[in-house]
Amino acid sequence: AQSVTQLDSHVSVSEGTPVLLRCNYSSSYSPSLFWYVQHPNKGLQLLLKYTSAATLVKGINGFEAEFKKSETSFHLTKPSAHMSDAAEYFCVAPSAGSGYALNFGKGTSLLVTP
Amino acid sequence: EAGVAQSPRYKIIEKRQSVAFWCNPISGHATLYWYQQILGQGPKLLIQFQNNGVVDDSQLPKDRFSAERLKGVDSTLKIQPAKLEDSAVYLCASSGRQGAPYEQYFGPGTRLTVT
């Protein structure tokens with residue numbers, strides 16, 4: 001079974017500065033991992049996914065994440081924050097159930113200040 | 001393509017009342033999920049359908065929650081009777097792209113407030 005831990009519940013950055021949202025995973029085998037974003041009053045949207053093909057994964061809106069097996073981490077980064085990046089971000093792993101449901105972390109709220 | 005549709009967007013009820021939510025997945029998506037997202041937490045799976053059959057309902061409180069997906073398309077989720085702790089956003093998601101079972105598309109959710 002795979003589980004994820006998001007290390008920060010809130011992150012605040014200034015517009016134009018780098019973004020780092022941290023996620024550690026727990027798995028006994030090579031996992032699939034995802035980052036989803038949830039803007040206020042909008043549905044969850046897939047940002048990017050890791051499925052063992054490449055350790056550096058590029059997603060939408062300039063976000064990327066690096067899978068580091070030695071650190072069991074899958075941190076989300078962006079070189080320069082934009083005001084529109086303010087949202088809730090979830091690190092996600094497949095659940096242990098019989099289907100293809102997702103197991104969400106508790107989320108990190110990203111605040112971008114002018 | 002049209003996204004996942006949900007209605008209503010907001011619902012306020014008193015405890016012990018009943019409520020129903022509706023979801024229309026992306027056309028052609030065989031798999032449909034209902035998640036519950038309590039404020040400040042990540043979504044938690046309630047039930048998963050594959051076409052019109054239940055794949056996983058292990059976390060559905062079956063004494064008060066029920067769900068169906070007649071004809072393998074639309075789905076309804078019902079709560080009867082509601083409790084205060086049921087206040088949450090109820091998210092519907094669907095998936096169906098070949099080779100990408102975990103790539104789920106979410107609707108905007110229904111925000112339920114139980115008073």
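Bear in mind the structure is a predicted one, so any value in this text is a computation, not a measurement.

About the cut-offs
Residues numbered from 1 in each chain as written. Chains lettered and ligands numbered in written order. Predicted model: local features only at pLDDT ≥ 70, side-chain atom pairs only at ≥ 80, totals over all residues. Heavy atoms only, no water. Helix = DSSP H or I, 4+ residues; strand = E, 2+ residues; numbered from the N terminus. Buried < 20%, exposed > 50% of the residue type's maximum accessible area, 1.4 Å probe, protein only. 1 Å grid on protein atoms, 1.4 Å probe; cavity = no way out; pocket = protein on both sides within 12 Å on 5 of 7 lines; lining within 4 Å. Points joined across faces, edges and corners; volume = space filled by probe spheres on them. Nonpolar A, V, L, I, M, F, W, Y, C, P; charged D, E, K, R; others polar. Contact = heavy atoms within 4.5 Å. Buried area = accessible area lost by both parts, 1.4 Å probe. Salt bridge = Lys/Arg side-chain N within 4 Å of Asp/Glu carboxyl O. Pairing = 2+ DSSP bridges. Phe/Tyr/Trp six-rings, centres within 6.5 Å; stacked < 30°, edge-to-face > 60°.

A separate point is unusual backbone geometry. In this structure, Pro8 of chain B follows Ser7 of chain B across a cis peptide bond, with omega equal to -10 degrees. You can see Pro8 of chain B is positioned in the loop between strand E1 (5-7) and strand E2 (10-13). Within the chain, Asn61 of chain A stands out as a residue other than glycine whose phi angle is a positive 60 degrees. With respect to the element layout, Asn61 of chain A can be found in the loop between strand E7 (56-58) and strand E8 (64-68). Although it is not a glycine, Arg16 of chain B sits at a positive phi angle of roughly 80 degrees. Along the chain, the position of Arg16 of chain B falls in the loop between E2 and strand E3 (19-24). For Arg16 of chain B, a relative accessible area of 62% corresponds to the exposed category.

Further remarks concern the layout of surface pockets. Within this model, the largest pocket holds a volume of roughly 530 Å³. Lining the largest pocket we find 28 residues, and of these Gln38 of chain A together with Gln37, Leu39, Val89 and Arg111 of chain B sit closest to its centre. Counting only elements with at least two residues in the lining of the largest pocket, the list comes to strand E10 (87-94) of chain A together with strand E9 (88-95) and strand E11 (110-114) of chain B. Looking at the lining of the largest pocket, the element that brings in the most residues is E11 of chain B, giving four residues. Broken down by class, the residue content of the lining of the largest pocket amounts to nine nonpolar, 14 polar and five charged. When its volume is computed, the second largest pocket comes out at roughly 280 Å³. As for the second largest pocket, its lining consists of 17 residues, and the residues nearest its centre are Gly43, Leu44 and Gln45 of chain A together with Tyr105 and Phe106 of chain B. Tallying contributions element by element places strand E6 (residues 44-50) of chain A first for the lining of the second largest pocket, with three residues. A per-class count over the lining of the second largest pocket returns eight nonpolar, six polar and three charged.

Moving on, we come to the interface of chain A and chain B. Counting residues at the interface gives 20 residues for chain A, matched by 24 residues for chain B. Note on chain A versus chain B: buried area summed over both sides is about 1700 Å², and carbon and sulfur give 55% of it. Across the contact surface, chain A and chain B share one salt bridge. Measuring nitrogen to oxygen at the nearest pair gives 2.5 Å for the salt bridge that ties Glu103 of chain B to Lys49 of chain A. When residues of the side of chain A that touches chain B are traced back to their parent elements, those giving at least two are strand E5 (33-38), E6, E10 and strand E11 (102-104) of chain A.

It is worth spelling out the pairing of strand E2 (residues 10-14) of chain A at this point. Walk down a regular strand and you will see the side chains alternate between the two sheet faces. All names here are of chain A. Alternating residues of E2 divide into Val11 and Val13, all buried, and His10, Ser12 and Ser14, none buried. One ladder, built from five bridges, connects E2 with strand E12 (residues 108-113); its direction is parallel. The residue of E12 that forms the bridge with Ser14 is Thr113.

Residues and elements named next belong to chain A. Counted under the stated rule, the structure contains six salt bridges over all chains. For Lys78, the salt bridge is made with Asp85, and the minimal N-O distance between the two is 2.8 Å. Of the residues examined, Asp85 reaches a relative accessible area of 3% and is grouped as buried.

What follows is about the environment of Ala82 of chain B. Structurally, Ala82 of chain B can be placed in the loop between strand E8 (75-79) and E9. Among all residues touching Ala82 of chain B, those that are not within four sequence positions of it are Ile13, Lys15, Arg16, Gln17, Arg64 and Val114 of chain B.

Time to look at the packing of aromatic side chains. Applying the stated criterion across every chain yields a total of 13 aromatic pairs over all chains. Ring centres of Tyr36 of chain A and Phe104 of chain A lie 5.9 Å apart, and the angle between their planes is 55 degrees; on these two criteria the pair is classed as tilted. Residue Tyr36 of chain A is located in strand E5, and its partner Phe104 of chain A is located in strand E11; the two are separated by 68 residues in the primary sequence. Here the two residues Tyr36 of chain A and Phe104 of chain A agree in accessibility, since each one is buried. Plain terms: the ring middles of Phe90 of chain A and Phe104 of chain A are 5.8 Å apart, the flat faces sit at 85 degrees to each other, and that makes the pair edge-to-face. Of this pair, Phe90 of chain A sits in strand E10 while Phe104 of chain A sits in strand E11; the two residues are 14 residues apart in sequence, bridging distant segments of the chain. In textbook terms, an aromatic cluster arises when at least three aromatic residues are bridged by ring pairs, as seen for Tyr36, Phe90 and Phe104 of chain A together with Tyr33, Tyr35 and Phe106 of chain B.

Function-wise, these values are silent; they only describe arrangement.
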